[in-house]
Amino acid sequence: MTTAFKIVDAAEWAAARKAGAYAGSPVDLADGYIHLSTAGQLEETARRHYAGRTNLRLLEVDLDRLDAVKWEPSRGGALFPHQYGALPVAAVLTDRPMAVSDAGVITVGVPDA
């Protein structure tokens, strides 16, 4: 697998783009790594952690551009990619607007240019 996904707050991502790297959400910072999801894990991650949020960005991340990814067991024992250290903006392949309704319905827009 060469790509993973990260859901981020739009304002946090705007600041990260200016800085050149994303340091992580408050949960990421508390856990000591940036939580990423595979395509198959993304829907459940969105529903569990982002329900009712509308000002989000969905980042597709090139794992080959990261040097500190570890695959570790999490939800139900499934292996999740965790980035230890900042997420460089240069590792992001696509950046799309995203929303998750209170009912867990996910809406993803077209990638930004």
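Residues numbered from 1 in each chain as written. Predicted model: local features only at pLDDT ≥ 70, side-chain atom pairs only at ≥ 80, totals over all residues. Heavy atoms only, no water.

Considerations on the sheet that holds strand E8 (residues 92–100)
Part 1 of the argument: Spatially, E1-E4-E8-E9 is the arrangement adopted by the four strands of the open sheet, whose pairing is antiparallel. Lying at the two open borders of the sheet, with one neighbouring strand each, are strand E1 (3–9) and strand E9 (106–108). Direction aside, the axes of adjacent strands within the sheet are offset by 30° on average.
Part 2 of the argument: Note that E1 and strand E4 (residues 53–62) share seven bridges and pair antiparallel. Bridging from a neighbouring strand, Ile7 pairs with Leu58 of E4.
Part 3 of the argument: Lying on the sheet, helix H1 (residues 10–19) is in contact with E1, E4 and E8; it crosses E1 at an angle near 110°. (Pairing = 2+ DSSP bridges. Helix = DSSP H or I, 4+ residues; strand = E, 2+ residues; numbered from the N terminus. Axes fitted to C-alpha atoms, helices over the stretch in contact; angles between N-to-C directions. Contact = heavy atoms within 4.5 Å.)

Things to note about the side chain of Gln83
Part 1 of the argument: Within the secondary structure, Gln83 sits in strand E6 (residues 79–83).
Part 2 of the argument: Apart from the residues within four sequence positions on either side, Gln83 is in contact with Tyr33, Ile34, Leu36, Leu66, Ala68 and Val69.

Considering H1
Part 1 of the argument: Every buried residue of H1 is accounted for by Ala10, Trp13 and Ala16. Viewed along the axis of H1, the buried residues span an arc of 115°, placing them on a single side of the element. Of the exposed residues in H1, the ones pointing more than 90 degrees away from its buried face are Ala11, Lys18 and Ala19.
Part 2 of the argument: Where H1 is buried, its residues contact E1, strand E2 (21–22), E4 and E8.
Part 3 of the argument: The N-cap residue of H1 is Asp9: its side-chain oxygen and the backbone nitrogen of Ala11 are 3.0 Å apart. (Buried < 20%, exposed > 50% of the residue type's maximum accessible area, 1.4 Å probe, protein only. Arc of directions from axis to C-beta. Polar contact = N/O pair within 3.5 Å; in protein donor to acceptor, adjacent residues only side chain to side chain.)

Comments concerning the environment of Ala23
Part 1 of the argument: Of note, Ala23 is situated in the loop between E2 and helix H2 (26–31).
Part 2 of the argument: Sequence separation between Ala23 and Ala99 is 76 residues; the distance between their C-alpha atoms is 22 Å.

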